[in-house]
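# Analysis of the macromolecular model
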Amino acid sequence: MNLKDRLYISTIAPNAYDLAQEFRLGLELAEYCTAYNMDTNPREIDQKIRSGLSPHQPLFFHGPFSELFPCAIDPLIRQVCHQRFLQSIKKAADLGCQKIVFHGGFNPLVYFPIWYVEQSPAFWQELLQEVPADVHLYIENVLEPDPSYLADILEAVGDSRLQMCLDIGHAGAYSQLPVQDWIRRCRHLIGHVHLHNNDGCTDLHQGLQKGQLPVWELLAQLQEECPAASITLEIPDSAQARQSVLDLKPYLS
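A short tour of the structure in this document, coming up.

This part takes up the nonpolar core. Ile-9, Trp-124, Leu-137, Met-164 and Leu-233 are the most contacted members of the largest nonpolar core, which totals 76 residues. Discounting residues that sit within four places of it in the chain, Met-164 has contacts with Tyr-138, Ile-139, Asn-141, Leu-150, Leu-154, Trp-182, Cys-186, Leu-189, Ile-190, Gly-191 and His-192. Of all hydrophobic cores here, the second largest spans five residues; its members include Tyr-8, Phe-60, Val-101 and Tyr-138.

What follows is the structure, encoded as structure tokens:
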């Protein structure tokens, strides 16, 4: 399992830039996960990001998600979401990123599954009309309890520029189905993976060895069923992030 050219580390880890340079990893930029950062001191944030990048470093960009619901019932909320996503796509381009992760926005306490699945494709189809041809978007699962939700949305959109970002930790914490079933159902749609561990109940974003999810079994399955998918370590604790990179070091040669 050679992850050398497919492994990224999220900048939610304070030492992510140093780890990326040390181990020659890509980076998933998380500084703009909060939308107001695009309005408040973006020049300062951009300078900080650029100062930590290496030449020709592979990059992902994590778009904003707080209060942004592509499936919103209120059309004005969908317009705000559309505007913020376009704003972040432009920001990503300014930073040299052509791969951008967004959340699908499903909330089981607000949306019926049928609404989420039926209404979401129109949002993404409209957004893709304004996205450059060389830019790829990835919808990340968060509270979805079943892999069919995002699979049905992506299949309805039917655009190769839109794929799934399978978040292993979210699936492990918020779904009653084994993560293996998520991979099996969505294997033809998964283009990117967020990797971290937890206790199977809470989204803890722990290191690979700290939790109950069968990380190594899942990595082997991903290699078998989604061999081209890239992977981001999404671990905010610096020590755990470093240890997780070391755990994966045998797969980087």
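So, on to helix 7 (residues 179-186). Those residues of helix 7 that fall on the buried side of the exposure criterion are Val-179, Gln-180, Trp-182, Ile-183 and Cys-186. All buried residues of helix 7 lie within an arc of 160° about the axis, which places them on one face of the element. Those residues of helix 7 that are buried lie in contact with helix 5 (148-157), strand 6 (162-167), helix 6 (168-174), strand 7 (190-195) and helix 8 (215-225).

In this model, the largest pocket occupies a volume close to 290 Å³. Looking at the largest pocket, it is lined by 18 residues, and the ones nearest its centre are Phe-65, Ser-66, His-103, Val-142 and His-170. Across the lining of the largest pocket, the residue classes tally to eight nonpolar, seven polar and three charged. Here the second largest pocket defines a volume of roughly 190 Å³. A class-by-class count of the residues in the lining of the second largest pocket yields five nonpolar, five polar and four charged.

As a further point, take helix 1 (residues 16-23). Of all the residues in helix 1, the buried ones are Ala-16, Tyr-17, Leu-19, Ala-20 and Phe-23. Buried residues in helix 1, looked at end-on, bunch into an arc of 165°, giving them a common side. The secondary structure elements touched by the buried residues of helix 1 are strand 1 (7-10), strand 2 (26-29), helix 2 (42-52) and helix 9 (238-248). Among the residues trailing helix 1, Arg-24 stands out with phi positive, at a value near 55°.

A few words on the pairing of strand 3 (residues 59-62). Burial of the side chains of strand 3 extends over both faces: Leu-59 and Phe-61 are buried on one face and Phe-60 and His-62 on the other. In terms of strand pairing, strand 2 meets strand 3 through three bridges, oriented parallel. Bridge pairing in strand 3 places Leu-27 opposite Leu-59. Remark: the strand 2/helix 2/strand 3 crossover connection has right-handed handedness. As judged from the two bridges shared by strand 3 and strand 4 (residues 99-103), these two strands associate in the parallel manner. If you follow Phe-61 over to strand 4, its bridge partner there is Ile-100. In this fold, strand 3 hands off to helix 3 (residues 75-94), which returns the chain to strand 4; that crossover is right-handed.

This part is about the side chain of Arg-6. Within the element layout of this structure, Arg-6 appears in the segment before strand 1. For the buried Arg-6, no salt bridge is present, and the opposite-charge side chain at shortest range is Asp-5, 7.5 Å distant. Among the polar contacts listed, one links the side chain of Arg-6 to the backbone oxygen of Pro-227, at a separation of 3.3 Å. Among residues more than four places away in sequence, those in contact with Arg-6 are Gln-223, Pro-227, Ala-228, Ala-229, Ser-230 and Ile-231.

Before going further, it helps to spend a moment on the environment of Lys-210. Position of Lys-210 relative to the elements: it lies in the loop between strand 7 and helix 8. Through-space distance from the C-alpha of Lys-210 to that of Arg-184 is 24 Å; in sequence the pair is 26 residues apart. Excluding its chain neighbours within four sequence positions, the residues that come into contact with Lys-210 are Asn-197, Asn-198 and Gln-240.

Taken in spatial order, the eight strands close into a barrel running 1-2-3-4-5-6-7-8, and their pairing is parallel. Pairs of neighbouring strands in the sheet enclose a mean axial angle of 30°, with direction left out of account. For strand 6 and strand 7, the ladder comprises four bridges, and the chain directions are parallel. When the bridges of strand 7 are listed, Leu-166 appears paired with Val-193.

Our next topic: the packing of aromatic side chains. Enumeration over the complete set of coordinates arrives at 13 aromatic pairs. For the ring pair Phe-106 and Tyr-116, a centre distance of 4.9 Å and an interplane angle of 40° mean the geometry is tilted. In this pair, Phe-106 is assigned in the loop between strand 4 and helix 4 (113-128) and Tyr-116 in helix 4, connecting sequence segments ten residues apart. In this pair, the class of Phe-106 matches that of Tyr-116, namely buried. Ring pairing ties together the aromatic residues Phe-85, Phe-102, Phe-123 and Trp-124, which thus form one cluster.

Rules of the game
- Residues numbered from 1 in each chain as written.
- Predicted model: local features only at pLDDT ≥ 70, side-chain atom pairs only at ≥ 80, totals over all residues.
- Heavy atoms only, no water.
- Core = buried A, V, L, I, M, F, W, Y, C linked by side-chain atoms within 4.5 Å.
- Buried < 20%, exposed > 50% of the residue type's maximum accessible area, 1.4 Å probe, protein only.
- Contact = heavy atoms within 4.5 Å.
- Helix = DSSP H or I, 4+ residues; strand = E, 2+ residues; numbered from the N terminus.
- Arc of directions from axis to C-beta.
- 1 Å grid on protein atoms, 1.4 Å probe; cavity = no way out; pocket = protein on both sides within 12 Å on 5 of 7 lines; lining within 4 Å.
- Points joined across faces, edges and corners; volume = space filled by probe spheres on them.
- Nonpolar A, V, L, I, M, F, W, Y, C, P; charged D, E, K, R; others polar.
- Pairing = 2+ DSSP bridges.
- Right-handed = clockwise from strand over helix to strand, strands pointing away.
- Lys, Arg positive; Asp, Glu negative; His and termini not counted.
- Salt bridge = Lys/Arg side-chain N within 4 Å of Asp/Glu carboxyl O.
- Polar contact = N/O pair within 3.5 Å; in protein donor to acceptor, adjacent residues only side chain to side chain.
- Axes fitted to C-alpha atoms, helices over the stretch in contact; angles between N-to-C directions.
- Phe/Tyr/Trp six-rings, centres within 6.5 Å; stacked < 30°, edge-to-face > 60°.

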